[in-house]
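# Chain and residue survey
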Amino acid sequence: MVRPHGLRGEVVVDLLSNRDERHRAGARFLTAAGPLEVTAARPFQHRWLMVFAGVESREAAEALRGAELRAEPLHDDDALWVDELVGSEVVLASDGAVVGTVVAVVANPAADLLELDGGRLVPATFVVGHGSGRVVVDPPAGLLD
């Protein structure tokens, strides 16, 4: 958490998540000082203003300055998680041919890129299936040449 905002306990938060569940009322976070529950949140510049249950004054919000928020993992079968992708074998949807192994996921504004051993890059938008150490891709002709 960055700092207090105003006099009624709002806190400026750098939220490093693109999941709406993380800024809705009822979202729960863990901190070194104990658990916090979001009662209200709204966008603020490139951050979030959040109100937490029991934090009702500027002094209470100030006590949270610098706190790191952690949350339980979300279960989403359709989500691609970096730690599950790295080390996975990449195969073509068309014929099952192995095209490489994911060695890294590179952040890119248009779409994250799967970096394969050998240096080839595959935009994550071409992933059509994944699971159990295997990623299935359906790239356009010529992408992997």
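In this text, all values refer to a predicted model and were calculated from it rather than measured experimentally.

### A short note on the nonpolar core
In terms of nonpolar packing, the biggest core is built from 14 residues, with Met1, Val11, Val13, Met50, Phe52 and Leu64 touching the most fellow members. Broken down by secondary-structure element, the contributors of at least two residues to this core are β2 (10-13), β4 (34-44) and β5 (47-52). Of the residues forming this core, the biggest block, three residues, is contributed by β5. Once residues lying within four places of it in the same chain are set aside, the contact partners of Phe52 are Met1, Val11, Val13, Phe29, Leu36, Glu37, Val38, Thr39, Leu64 and Leu69. In this structure, Leu92, Val99, Leu114 and Val137 belong to the second largest nonpolar core, which totals 12 residues.

### Re the side chain of Glu10
Its location among the elements puts Glu10 in strand β2. Glu10 sits in the buried class, given a relative accessible area of 18%. A distance of 3.1 Å separates the side chain of Glu10 from the side chain of Arg42, its partner in a polar contact.

### Notes on the side chain of His23
Here His23 shows up in the loop between β2 and β3 (28-31). Sequence-distant contacts of His23, that is, excluding residues within four places in its chain, are made with Leu15, Val38, Ala41, Trp48 and Met50.

### Comments concerning the environment of Arg47
Mapped onto the elements of the fold, Arg47 is located in strand β5. In sequence terms Arg47 and Val2 are 45 residues apart; their C-alpha atoms lie 9.5 Å from each other. With residues near it in sequence (within four places) discarded, Arg47 still touches Val2, Val12, Val13 and Asp14. A polar atom in the side chain of Arg47 sits 2.8 Å from the side chain of Asp14.

Quick notes on the rules
Residues numbered from 1 in each chain as written. Predicted model: local features only at pLDDT ≥ 70, side-chain atom pairs only at ≥ 80, totals over all residues. Heavy atoms only, no water. Core = buried A, V, L, I, M, F, W, Y, C linked by side-chain atoms within 4.5 Å. Buried < 20%, exposed > 50% of the residue type's maximum accessible area, 1.4 Å probe, protein only. Helix = DSSP H or I, 4+ residues; strand = E, 2+ residues; numbered from the N terminus. Contact = heavy atoms within 4.5 Å. Polar contact = N/O pair within 3.5 Å; in protein donor to acceptor, adjacent residues only side chain to side chain.

By themselves, these are just geometric observations and shouldn't be taken as functional.
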